[in-house]
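Here are the chains, one letter per residue:
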Amino acid sequence: MKLEINKAVQFLAAGKVESYEAEVKAAQQALEDGTCAGNDFLGWLHLPSSITPAFIAEINDTANTLKANCDAIVVAGIGGSYLGAKAVIAALDDNFTWLKPSNAPRILFAGNNISEDYLTELIEYLKGVKFGVINISKSGTTTETAITFRLMKKLCEDQMGKDMAKKVIVAITDAKKGAARTCADKEGYKTFVIPDNVGGRFSVLTPVGLLPIACAGYDIAQLVKGAQDMEKQCDINVPFAENPCAVYAATRNALYASGKKIEILVNYQPKLHFVSEWWKQLYGESEGKDKKAIFPASVDFSTDLHSMGQWIQDGERTIFETVISIDKPNSSLTVPADDENLDGLNFLAGKHIDEVNHKAELGTQLAHIDGGVPNLRISIPKLDEYNLGQLIYFFEKGCGVSGLLLGVNPFNQPGVEAYKKNMFALLDKPGYEAESKAIQSRL
Ligand code: PA5
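Calculation criteria
Residues numbered from 1 in each chain as written. Predicted model: local features only at pLDDT ≥ 70, side-chain atom pairs only at ≥ 80, totals over all residues. Heavy atoms only, no water. Helix = DSSP H or I, 4+ residues; strand = E, 2+ residues; numbered from the N terminus. Rg over C-alpha atoms; globule rule 2.2 N^0.38 Å. Buried < 20%, exposed > 50% of the residue type's maximum accessible area, 1.4 Å probe, protein only. Contact = heavy atoms within 4.5 Å. Areas by Shrake-Rupley, 256 points an atom, 1.4 Å probe, with all protein chains shown as cover. Patch = residues over 30% accessible without salt bridge, like charges linked within 9 Å, V, L, I, M, F, W, Y side chains within 5 Å. Salt bridge = Lys/Arg side-chain N within 4 Å of Asp/Glu carboxyl O. Lys, Arg positive; Asp, Glu negative; His and termini not counted. Charge placed at Lys NZ, Arg CZ, Asp CG, Glu CD. 1 Å grid on protein atoms, 1.4 Å probe; cavity = no way out; pocket = protein on both sides within 12 Å on 5 of 7 lines; lining within 4 Å. Points joined across faces, edges and corners; volume = space filled by probe spheres on them. Nonpolar A, V, L, I, M, F, W, Y, C, P; charged D, E, K, R; others polar. Pairing = 2+ DSSP bridges. Axes fitted to C-alpha atoms, helices over the stretch in contact; angles between N-to-C directions. Parallel < 35°, antiparallel > 145°, perpendicular 65-115°, else oblique. Left-handed = near helix turned anticlockwise from the far one by under 90°.

A. Focus on the overall build of the protein chain. What the protein chain contains, in helices and strands, is 18 helices and 10 strands. Whereas a compact globule of 443 residues would reach a radius of gyration of roughly 22 Å, the protein chain reaches 23 Å, a difference of no more than 12%. Residues classed as buried in the protein chain amount to 52% of the 443 residues present. When contacts within the protein chain are restricted to residue pairs at least 6 apart in sequence, those whose partners lie at least 24 apart make up 78%. Element-wise, carbon and sulfur atoms account for 54% of the exposed surface of the protein chain, whose accessible area totals about 20100 Å².

Set out below in C-alpha coordinates:
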(Lines give C-alpha, C1' and ligand atoms only; values in the text may rest on other atoms or scores of the structure.)
Protein backbone atom coordinates (compact mmCIF):
# COMPACT_ATOMS: atom_id res chain seq x y z
CA MET A 1 0.00 0.00 0.00
CA LYS A 2 1.26 3.46 -0.86
CA LEU A 3 0.06 6.84 0.44
CA GLU A 4 0.72 9.98 -1.61
CA ILE A 5 0.00 13.41 -0.14
CA ASN A 6 1.80 15.74 -2.56
CA LYS A 7 -1.49 16.86 -4.14
CA ALA A 8 -2.83 17.76 -0.70
CA VAL A 9 0.15 19.51 0.84
CA GLN A 10 0.19 22.06 -1.98
CA PHE A 11 -2.88 23.52 -0.27
CA LEU A 12 -1.10 23.87 3.07
CA ALA A 13 1.66 26.13 4.33
CA ALA A 14 5.13 24.65 3.77
CA GLY A 15 6.11 22.22 6.53
CA LYS A 16 2.58 22.08 7.98
CA VAL A 17 2.22 18.30 7.85
CA GLU A 18 5.70 17.75 9.31
CA SER A 19 4.86 20.17 12.13
CA TYR A 20 2.55 17.47 13.54
CA GLU A 21 5.41 15.01 14.00
CA ALA A 22 5.85 15.48 17.76
CA GLU A 23 2.11 15.41 18.40
CA VAL A 24 1.72 12.27 16.29
CA LYS A 25 4.54 10.61 18.20
CA ALA A 26 2.88 11.54 21.50
CA ALA A 27 -0.43 10.10 20.30
CA GLN A 28 1.29 6.88 19.21
CA GLN A 29 3.09 6.69 22.55
CA ALA A 30 -0.19 7.20 24.44
CA LEU A 31 -1.73 4.34 22.43
CA GLU A 32 1.26 2.10 23.21
CA ASP A 33 1.30 3.03 26.90
CA GLY A 34 -2.46 2.90 27.25
CA THR A 35 -2.54 6.39 28.70
CA CYS A 36 -4.89 8.02 26.19
CA ALA A 37 -8.63 8.67 26.50
CA GLY A 38 -10.56 5.46 25.92
CA ASN A 39 -7.60 3.35 27.00
CA ASP A 40 -9.80 0.39 27.91
CA PHE A 41 -10.53 -0.08 24.18
CA LEU A 42 -7.06 -0.51 22.74
CA GLY A 43 -7.25 -4.23 22.03
CA TRP A 44 -7.22 -3.53 18.27
CA LEU A 45 -3.76 -1.93 18.40
CA HIS A 46 -1.71 -5.13 18.36
CA LEU A 47 -4.56 -7.43 17.45
CA PRO A 48 -3.16 -8.59 14.07
CA SER A 49 0.16 -9.77 15.54
CA SER A 50 -1.68 -11.58 18.33
CA ILE A 51 -3.74 -13.75 15.97
CA THR A 52 -2.40 -17.32 15.95
CA PRO A 53 -2.67 -19.96 13.22
CA ALA A 54 -4.63 -22.09 15.74
CA PHE A 55 -7.22 -19.32 16.10
CA ILE A 56 -7.54 -18.97 12.33
CA ALA A 57 -7.96 -22.76 12.11
CA GLU A 58 -10.75 -22.66 14.72
CA ILE A 59 -12.60 -19.99 12.73
CA ASN A 60 -12.12 -21.95 9.50
CA ASP A 61 -13.41 -25.14 11.17
CA THR A 62 -16.60 -23.40 12.22
CA ALA A 63 -16.95 -21.86 8.77
CA ASN A 64 -16.55 -25.33 7.23
CA THR A 65 -19.35 -26.71 9.42
CA LEU A 66 -21.64 -23.90 8.31
CA LYS A 67 -20.61 -24.27 4.66
CA ALA A 68 -21.19 -28.02 4.74
CA ASN A 69 -24.71 -27.68 6.13
CA CYS A 70 -26.02 -24.42 4.67
CA ASP A 71 -26.82 -22.92 1.28
CA ALA A 72 -27.25 -19.51 2.90
CA ILE A 73 -25.91 -17.87 6.04
CA VAL A 74 -27.63 -14.91 7.65
CA VAL A 75 -25.19 -12.59 9.37
CA ALA A 76 -27.18 -10.62 11.95
CA GLY A 77 -25.41 -7.51 13.20
CA ILE A 78 -25.29 -3.73 12.87
CA GLY A 79 -22.61 -1.01 12.84
CA GLY A 80 -19.27 -2.45 13.84
CA SER A 81 -20.86 -5.87 14.12
CA TYR A 82 -21.58 -5.89 10.38
CA LEU A 83 -19.77 -3.33 8.24
CA GLY A 84 -16.28 -4.88 8.32
CA ALA A 85 -17.44 -8.28 7.09
CA LYS A 86 -19.75 -6.67 4.53
CA ALA A 87 -16.92 -4.46 3.25
CA VAL A 88 -14.45 -7.31 2.76
CA ILE A 89 -16.96 -9.74 1.25
CA ALA A 90 -18.36 -7.14 -1.15
CA ALA A 91 -14.83 -6.14 -2.19
CA LEU A 92 -13.89 -9.74 -3.00
CA ASP A 93 -17.16 -11.06 -4.40
CA ASP A 94 -17.95 -11.17 -8.11
CA ASN A 95 -20.07 -8.10 -8.95
CA PHE A 96 -22.80 -10.44 -10.19
CA THR A 97 -22.43 -13.11 -7.56
CA TRP A 98 -26.21 -13.25 -7.02
CA LEU A 99 -26.81 -14.20 -10.62
CA LYS A 100 -24.10 -16.84 -10.93
CA PRO A 101 -23.95 -20.37 -9.55
CA SER A 102 -21.75 -20.64 -6.47
CA ASN A 103 -20.29 -23.41 -4.33
CA ALA A 104 -20.07 -21.13 -1.31
CA PRO A 105 -23.23 -20.37 0.69
CA ARG A 106 -24.94 -17.04 0.03
CA ILE A 107 -24.04 -14.57 2.77
CA LEU A 108 -27.05 -12.44 3.66
CA PHE A 109 -26.76 -9.46 5.97
CA ALA A 110 -29.64 -8.57 8.27
CA GLY A 111 -30.17 -7.07 11.69
CA ASN A 112 -28.87 -3.77 10.37
CA ASN A 113 -32.26 -2.12 9.91
CA ILE A 114 -35.78 -2.30 11.33
CA SER A 115 -37.60 -2.68 8.04
CA GLU A 116 -40.64 -4.94 8.05
CA ASP A 117 -40.41 -5.32 4.28
CA TYR A 118 -36.72 -6.28 4.44
CA LEU A 119 -37.32 -8.96 7.03
CA THR A 120 -40.45 -10.28 5.32
CA GLU A 121 -38.65 -10.55 2.01
CA LEU A 122 -35.68 -12.23 3.69
CA ILE A 123 -37.96 -14.81 5.29
CA GLU A 124 -39.65 -15.41 1.95
CA TYR A 125 -36.27 -16.01 0.31
CA LEU A 126 -35.19 -18.39 3.09
CA LYS A 127 -38.32 -20.55 2.95
CA GLY A 128 -37.16 -24.06 2.10
CA VAL A 129 -33.48 -23.02 2.04
CA LYS A 130 -30.95 -24.75 4.30
CA PHE A 131 -29.57 -21.79 6.21
CA GLY A 132 -27.50 -20.94 9.26
CA VAL A 133 -27.21 -17.81 11.36
CA ILE A 134 -24.25 -15.89 12.75
CA ASN A 135 -25.62 -13.68 15.49
CA ILE A 136 -23.16 -10.86 16.16
CA SER A 137 -23.65 -8.39 18.98
CA LYS A 138 -21.06 -7.25 21.48
CA SER A 139 -23.65 -5.90 23.90
CA GLY A 140 -26.00 -8.73 23.02
CA THR A 141 -28.93 -6.36 23.38
CA THR A 142 -29.03 -4.27 20.19
CA THR A 143 -32.67 -4.02 19.11
CA GLU A 144 -32.17 -4.28 15.33
CA THR A 145 -30.06 -7.42 15.67
CA ALA A 146 -32.15 -8.97 18.46
CA ILE A 147 -35.45 -8.69 16.52
CA THR A 148 -33.80 -10.24 13.47
CA PHE A 149 -32.24 -13.05 15.49
CA ARG A 150 -35.55 -13.90 17.14
CA LEU A 151 -37.12 -14.30 13.67
CA MET A 152 -34.17 -16.19 12.20
CA LYS A 153 -33.84 -18.58 15.16
CA LYS A 154 -37.50 -19.56 14.90
CA LEU A 155 -37.37 -20.04 11.13
CA CYS A 156 -34.14 -22.01 11.34
CA GLU A 157 -35.50 -24.30 14.06
CA ASP A 158 -38.82 -24.76 12.21
CA GLN A 159 -37.08 -25.64 8.94
CA MET A 160 -33.95 -27.46 10.04
CA GLY A 161 -35.11 -28.98 13.34
CA LYS A 162 -33.81 -27.97 16.76
CA ASP A 163 -30.77 -30.26 16.69
CA MET A 164 -29.52 -29.09 13.31
CA ALA A 165 -30.27 -25.47 14.24
CA LYS A 166 -27.88 -25.82 17.17
CA LYS A 167 -25.19 -26.86 14.69
CA VAL A 168 -25.71 -23.97 12.29
CA ILE A 169 -26.35 -21.08 14.68
CA VAL A 170 -23.21 -19.38 15.96
CA ALA A 171 -23.08 -16.47 18.39
CA ILE A 172 -20.30 -13.88 18.48
CA THR A 173 -20.77 -11.81 21.59
CA ASP A 174 -19.50 -10.88 25.03
CA ALA A 175 -17.81 -13.59 27.12
CA LYS A 176 -20.35 -13.33 29.93
CA LYS A 177 -23.09 -10.76 29.61
CA GLY A 178 -26.00 -9.86 27.31
CA ALA A 179 -29.03 -11.65 25.94
CA ALA A 180 -27.07 -13.15 23.01
CA ARG A 181 -24.71 -14.84 25.50
CA THR A 182 -27.56 -16.09 27.70
CA CYS A 183 -29.37 -17.57 24.71
CA ALA A 184 -26.23 -19.14 23.21
CA ASP A 185 -25.28 -20.78 26.51
CA LYS A 186 -28.79 -22.09 27.08
CA GLU A 187 -29.10 -23.50 23.55
CA GLY A 188 -25.53 -24.77 23.39
CA TYR A 189 -24.48 -22.81 20.28
CA LYS A 190 -20.86 -22.54 19.21
CA THR A 191 -19.69 -19.12 20.38
CA PHE A 192 -16.82 -16.75 19.79
CA VAL A 193 -15.97 -13.90 22.12
CA ILE A 194 -15.61 -10.25 21.13
CA PRO A 195 -12.78 -9.09 23.37
CA ASP A 196 -13.86 -6.50 25.96
CA ASN A 197 -11.12 -4.14 24.84
CA VAL A 198 -12.06 -4.08 21.12
CA GLY A 199 -14.87 -1.68 20.16
CA GLY A 200 -17.32 -2.68 17.43
CA ARG A 201 -15.89 -0.50 14.67
CA PHE A 202 -12.39 -1.86 15.33
CA SER A 203 -13.53 -5.50 15.40
CA VAL A 204 -13.27 -6.68 11.79
CA LEU A 205 -10.15 -8.71 12.56
CA THR A 206 -11.89 -10.54 15.43
CA PRO A 207 -14.41 -13.36 14.74
CA VAL A 208 -16.94 -10.55 14.06
CA GLY A 209 -15.39 -10.10 10.63
CA LEU A 210 -13.30 -13.22 10.23
CA LEU A 211 -16.08 -15.83 10.55
CA PRO A 212 -18.46 -14.35 7.93
CA ILE A 213 -15.50 -13.71 5.61
CA ALA A 214 -14.33 -17.31 5.98
CA CYS A 215 -17.90 -18.54 5.38
CA ALA A 216 -17.93 -16.58 2.12
CA GLY A 217 -14.92 -18.64 1.04
CA TYR A 218 -12.15 -16.06 1.46
CA ASP A 219 -8.65 -16.55 2.85
CA ILE A 220 -8.68 -15.00 6.31
CA ALA A 221 -5.04 -15.99 6.90
CA GLN A 222 -4.04 -13.65 4.04
CA LEU A 223 -6.30 -10.89 5.36
CA VAL A 224 -4.62 -11.16 8.76
CA LYS A 225 -1.16 -11.33 7.15
CA GLY A 226 -1.85 -8.04 5.35
CA ALA A 227 -2.91 -6.44 8.62
CA GLN A 228 0.15 -7.84 10.43
CA ASP A 229 2.50 -6.36 7.83
CA MET A 230 0.73 -3.00 8.06
CA GLU A 231 0.97 -3.13 11.86
CA LYS A 232 4.75 -3.24 11.35
CA GLN A 233 4.71 -0.41 8.79
CA CYS A 234 2.71 1.79 11.17
CA ASP A 235 4.77 0.93 14.25
CA ILE A 236 5.72 3.80 16.57
CA ASN A 237 9.40 3.23 15.74
CA VAL A 238 8.92 3.80 12.01
CA PRO A 239 10.03 7.38 11.23
CA PHE A 240 7.20 9.87 10.67
CA ALA A 241 7.72 10.38 6.94
CA GLU A 242 7.74 6.63 6.27
CA ASN A 243 4.83 5.83 8.57
CA PRO A 244 1.60 5.88 6.53
CA CYS A 245 -0.80 6.14 9.46
CA ALA A 246 1.21 9.00 10.98
CA VAL A 247 1.28 10.93 7.70
CA TYR A 248 -2.42 10.31 7.01
CA ALA A 249 -3.47 11.41 10.51
CA ALA A 250 -1.29 14.52 10.32
CA THR A 251 -2.42 15.51 6.82
CA ARG A 252 -6.14 15.20 7.48
CA ASN A 253 -5.80 17.16 10.74
CA ALA A 254 -3.78 19.87 8.99
CA LEU A 255 -6.45 20.10 6.28
CA TYR A 256 -9.22 20.23 8.90
CA ALA A 257 -7.44 23.05 10.73
CA SER A 258 -7.22 24.92 7.40
CA GLY A 259 -11.02 24.81 6.97
CA LYS A 260 -11.52 21.54 5.10
CA LYS A 261 -14.37 20.08 7.10
CA ILE A 262 -15.40 17.17 4.88
CA GLU A 263 -13.27 14.23 3.73
CA ILE A 264 -14.64 12.35 0.75
CA LEU A 265 -13.35 8.82 0.33
CA VAL A 266 -13.26 8.11 -3.39
CA ASN A 267 -13.05 4.78 -5.20
CA TYR A 268 -13.05 3.79 -8.85
CA GLN A 269 -14.31 0.23 -8.29
CA PRO A 270 -17.94 -0.46 -7.38
CA LYS A 271 -16.74 -3.32 -5.18
CA LEU A 272 -15.24 -0.81 -2.78
CA HIS A 273 -18.56 0.84 -1.94
CA PHE A 274 -18.83 -0.91 1.41
CA VAL A 275 -15.18 -0.30 2.29
CA SER A 276 -16.25 3.35 2.26
CA GLU A 277 -19.27 2.56 4.44
CA TRP A 278 -16.99 0.80 6.94
CA TRP A 279 -14.54 3.72 6.85
CA LYS A 280 -17.34 6.24 7.42
CA GLN A 281 -18.39 4.45 10.59
CA LEU A 282 -14.81 4.10 11.76
CA TYR A 283 -14.00 7.78 11.40
CA GLY A 284 -17.47 9.23 12.02
CA GLU A 285 -18.12 7.36 15.24
CA SER A 286 -14.56 7.74 16.48
CA GLU A 287 -14.07 11.44 15.83
CA GLY A 288 -17.48 13.10 15.73
CA LYS A 289 -17.55 14.43 19.28
CA ASP A 290 -17.38 17.62 21.31
CA LYS A 291 -18.91 19.58 18.40
CA LYS A 292 -15.95 18.97 16.11
CA ALA A 293 -14.42 16.59 13.53
CA ILE A 294 -14.16 16.04 9.80
CA PHE A 295 -17.43 14.76 8.30
CA PRO A 296 -16.60 11.48 6.50
CA ALA A 297 -18.40 11.17 3.16
CA SER A 298 -17.87 8.92 0.17
CA VAL A 299 -18.47 8.60 -3.54
CA ASP A 300 -18.12 5.81 -6.11
CA PHE A 301 -16.45 7.15 -9.26
CA SER A 302 -16.82 7.37 -12.15
CA THR A 303 -20.54 6.68 -11.40
CA ASP A 304 -20.90 9.62 -9.00
CA LEU A 305 -18.95 12.01 -11.22
CA HIS A 306 -22.26 12.15 -13.05
CA SER A 307 -24.14 13.09 -9.89
CA MET A 308 -21.83 14.61 -7.27
CA GLY A 309 -19.04 15.66 -9.67
CA GLN A 310 -20.42 19.17 -10.11
CA TRP A 311 -20.56 19.81 -6.35
CA ILE A 312 -17.06 18.49 -5.79
CA GLN A 313 -15.65 20.52 -8.69
CA ASP A 314 -17.37 23.76 -7.85
CA GLY A 315 -19.39 23.74 -4.61
CA GLU A 316 -18.33 25.17 -1.25
CA ARG A 317 -14.58 24.72 -0.86
CA THR A 318 -14.63 22.89 2.46
CA ILE A 319 -13.79 19.44 1.13
CA PHE A 320 -10.81 17.26 0.46
CA GLU A 321 -10.63 13.85 -1.17
CA THR A 322 -8.83 10.63 -0.30
CA VAL A 323 -8.74 8.37 -3.34
CA ILE A 324 -8.34 4.61 -3.06
CA SER A 325 -6.83 3.38 -6.29
CA ILE A 326 -6.20 -0.20 -7.36
CA ASP A 327 -3.15 -0.62 -9.60
CA LYS A 328 -4.28 -3.70 -11.54
CA PRO A 329 -7.66 -5.31 -12.11
CA ASN A 330 -8.16 -9.03 -11.45
CA SER A 331 -9.40 -9.58 -15.01
CA SER A 332 -8.53 -8.54 -18.54
CA LEU A 333 -10.81 -6.83 -21.05
CA THR A 334 -10.10 -4.47 -23.94
CA VAL A 335 -12.26 -2.15 -26.02
CA PRO A 336 -12.98 -3.91 -29.35
CA ALA A 337 -12.30 -2.26 -32.73
CA ASP A 338 -15.35 -1.60 -34.87
CA ASP A 339 -15.13 -1.18 -38.66
CA GLU A 340 -17.98 1.30 -38.76
CA ASN A 341 -16.86 3.28 -35.70
CA LEU A 342 -20.33 4.81 -35.40
CA ASP A 343 -19.70 5.70 -31.75
CA GLY A 344 -16.30 7.24 -32.56
CA LEU A 345 -14.60 5.05 -29.99
CA ASN A 346 -11.94 3.50 -32.22
CA PHE A 347 -9.32 5.74 -30.58
CA LEU A 348 -9.76 3.43 -27.58
CA ALA A 349 -9.69 0.16 -29.55
CA GLY A 350 -7.27 -2.32 -27.99
CA LYS A 351 -6.97 -0.37 -24.76
CA HIS A 352 -7.79 -2.02 -21.48
CA ILE A 353 -10.94 -0.78 -19.72
CA ASP A 354 -8.76 -0.29 -16.66
CA GLU A 355 -6.49 2.08 -18.57
CA VAL A 356 -9.51 4.23 -19.39
CA ASN A 357 -10.53 4.06 -15.71
CA HIS A 358 -7.08 5.17 -14.57
CA LYS A 359 -7.07 8.05 -17.03
CA ALA A 360 -10.48 9.05 -15.65
CA GLU A 361 -8.96 8.93 -12.17
CA LEU A 362 -5.96 11.06 -13.11
CA GLY A 363 -8.04 13.53 -15.09
CA THR A 364 -10.49 13.89 -12.22
CA GLN A 365 -7.74 14.36 -9.66
CA LEU A 366 -6.17 17.16 -11.71
CA ALA A 367 -9.55 18.80 -12.32
CA HIS A 368 -10.43 18.68 -8.64
CA ILE A 369 -7.06 20.11 -7.63
CA ASP A 370 -7.65 22.92 -10.12
CA GLY A 371 -11.03 23.36 -8.43
CA GLY A 372 -9.38 23.75 -5.01
CA VAL A 373 -9.88 20.25 -3.63
CA PRO A 374 -6.80 18.79 -1.91
CA ASN A 375 -6.23 15.16 -2.91
CA LEU A 376 -4.64 12.30 -1.00
CA ARG A 377 -4.12 9.02 -2.81
CA ILE A 378 -3.87 5.52 -1.41
CA SER A 379 -2.92 2.82 -3.91
CA ILE A 380 -2.87 -0.94 -3.52
CA PRO A 381 -1.45 -3.36 -6.11
CA LYS A 382 -4.65 -5.42 -6.45
CA LEU A 383 -7.92 -6.18 -4.76
CA ASP A 384 -7.34 -9.27 -2.64
CA GLU A 385 -7.44 -10.42 0.96
CA TYR A 386 -3.85 -9.36 1.72
CA ASN A 387 -4.26 -5.80 0.47
CA LEU A 388 -7.63 -5.39 2.18
CA GLY A 389 -5.97 -6.48 5.43
CA GLN A 390 -3.38 -3.75 4.88
CA LEU A 391 -6.04 -1.11 4.24
CA ILE A 392 -8.04 -2.13 7.31
CA TYR A 393 -5.18 -1.81 9.75
CA PHE A 394 -3.89 1.38 8.10
CA PHE A 395 -7.27 3.06 8.52
CA GLU A 396 -7.72 1.76 12.09
CA LYS A 397 -4.37 3.04 13.31
CA GLY A 398 -4.75 6.26 11.32
CA CYS A 399 -8.10 6.75 13.05
CA GLY A 400 -6.77 6.20 16.56
CA VAL A 401 -3.91 8.65 15.99
CA SER A 402 -6.09 11.18 14.17
CA GLY A 403 -8.75 11.20 16.89
CA LEU A 404 -6.14 11.83 19.55
CA LEU A 405 -4.64 14.68 17.48
CA LEU A 406 -8.13 16.16 17.29
CA GLY A 407 -8.42 15.95 21.06
CA VAL A 408 -11.37 13.57 21.37
CA ASN A 409 -11.78 10.09 22.82
CA PRO A 410 -11.77 8.05 19.59
CA PHE A 411 -12.94 4.88 21.30
CA ASN A 412 -16.34 5.71 22.79
CA GLN A 413 -19.69 6.53 21.15
CA PRO A 414 -21.93 8.18 23.75
CA GLY A 415 -23.96 9.93 21.04
CA VAL A 416 -25.31 6.62 19.71
CA GLU A 417 -27.38 6.12 22.87
CA ALA A 418 -29.64 9.18 22.35
CA TYR A 419 -31.89 7.63 19.70
CA LYS A 420 -32.10 4.34 21.59
CA LYS A 421 -33.33 6.07 24.75
CA ASN A 422 -36.08 7.87 22.83
CA MET A 423 -37.05 4.75 20.86
CA PHE A 424 -37.35 2.67 24.03
CA ALA A 425 -39.37 5.42 25.72
CA LEU A 426 -41.72 5.60 22.72
CA LEU A 427 -42.08 1.80 22.72
CA ASP A 428 -42.81 1.71 26.49
CA LYS A 429 -39.87 -0.57 27.25
CA PRO A 430 -39.98 -1.70 30.90
CA GLY A 431 -37.58 0.47 32.91
CA TYR A 432 -38.23 3.54 30.72
CA GLU A 433 -41.44 4.73 32.44
CA ALA A 434 -40.14 8.18 33.35
CA GLU A 435 -38.65 8.72 29.88
CA SER A 436 -41.93 7.56 28.31
CA LYS A 437 -43.87 10.15 30.26
CA ALA A 438 -41.39 12.89 29.42
CA ILE A 439 -41.30 12.09 25.72
CA GLN A 440 -45.09 11.84 25.42
CA SER A 441 -45.36 15.38 26.78
CA ARG A 442 -43.16 16.57 23.87
CA LEU A 443 -45.34 15.08 21.15
O1 PA5 B 1 -18.81 0.58 16.83
C2 PA5 B 1 -19.68 0.35 17.65
O3 PA5 B 1 -19.43 0.18 18.85
C4 PA5 B 1 -21.13 0.23 17.22
O5 PA5 B 1 -21.30 0.51 15.88
C6 PA5 B 1 -21.63 -1.18 17.48
O7 PA5 B 1 -20.84 -2.08 16.77
C8 PA5 B 1 -23.09 -1.33 17.07
O9 PA5 B 1 -23.85 -0.38 17.75
C10 PA5 B 1 -23.59 -2.72 17.40
O11 PA5 B 1 -23.45 -2.99 18.74
P12 PA5 B 1 -23.50 -4.45 19.30
O13 PA5 B 1 -22.39 -5.22 18.72
O14 PA5 B 1 -23.38 -4.31 20.77
O15 PA5 B 1 -24.83 -5.04 18.90
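Having put the structure on the table, let's press on.
B. Structural view of a negative patch on the surface. On the surface, Glu 116, Asp 117, Glu 121 and Glu 124 cluster together into a negatively charged patch. The residue Glu 124 is located in helix α6 (residues 116–126) in this model.

C. Molecular detail of the pattern of salt bridges. Per the stated rule, a full pass over the model turns up 21 salt bridges. The closest approach of N and O atoms between Lys 232 and Asp 229, which form a salt bridge, is 3.8 Å. Remark: Asp 229 and Lys 232 occur in helix α11 (residues 220–233); sequence separation between them is 3 residues, near one turn of the helix. Across the pair Glu 263 and Arg 252 runs a salt bridge, and its minimum N-O distance is 2.8 Å. Here the residue Glu 263 occupies a position in strand β7 (residues 262–267), and Arg 252 occupies one in helix α12 (residues 244–257), the gap between them amounting to 11 residues.

D. Seen up close, the layout of surface pockets. Roughly 980 Å³ of volume is contained in the largest pocket. Looking at the largest pocket, it is lined by 38 residues, and the ones nearest its centre are Ser 139, Thr 142, Gln 413, Glu 417 and Lys 420. Among the elements of the structure, β4 (131–137), α7 (143–160), α13 (273–287) and α17 (417–426) are those that each provide at least two residues to the lining of the largest pocket. At 6 residues, the largest contribution of residues to the lining of the largest pocket is made by α17. Residues belonging to the lining of the largest pocket are distributed by class as follows: 11 nonpolar, 15 polar and 12 charged. Each pocket or cavity is described by its volume, and for the second largest pocket that value is around 720 Å³. Considering the residues around the second largest pocket, the lining is formed by 26 residues, among which Lys 86, Asp 93, Thr 97, Trp 98 and Ile 107 are closest to the centre. Taken together, the residues of the lining of the second largest pocket break down into 16 nonpolar, 4 polar and 6 charged.

E. Expanded view of the sheet that holds strand β1 (residues 2–4). The mixed open sheet is built from 5 strands, whose spatial order is β1-β10-β9-β7-β8. In this open sheet, the two strands that pair with only one neighbour each are β1 and β8 (295–300). This sheet shows a mean twist of 20° between the axes of neighbouring strands, independent of strand direction. Bridge count for β7 against β8 is 6 bridges, and the pairing is parallel. Paired with Ile 262 across the bridge in β8 is Phe 295. Where helix α15 (residues 353–370) meets the sheet, its contacts fall on β9 (319–326) and β10 (375–380), and the angle it forms with β10 comes to roughly 160°. Sheet strands touched by helix α16 (residues 385–406): β7, β9 and β10. Its angle to β10, the strand with the most contacts, is close to 145°.

F. Looking closely at the packing of helix α5 (residues 83–92) against α13. The contact between α5 and α13 brings their axes to 7 Å, and the two run at 155°. Considering their axes alone, α5 and α13 lie roughly antiparallel with respect to each other. Of the two elements, α5 crosses α13, and the hand of that crossing is left-handed. Counted together, Leu 83, Gly 84, Lys 86, Ala 87, Ala 90 and Ala 91 of α5 and Phe 274, Val 275, Glu 277, Trp 278 and Gln 281 of α13 form the full contact between these two elements.

G. Quick look at the packing of α12 against α16. Running from N to C, α12 and α16 cross one another at 45°; their axes reach a closest spacing of 8 Å. One finds that α12 runs oblique with respect to α16. Judged by the twist between their axes, the crossing of α12 over α16 is right-handed. Here α12 contributes Pro 244, Cys 245, Tyr 248, Ala 249, Ala 250, Arg 252, Asn 253 and Tyr 256 to the contact with α16, which in turn contributes Phe 394, Phe 395, Lys 397, Gly 398, Val 401, Ser 402, Leu 405 and Leu 406.

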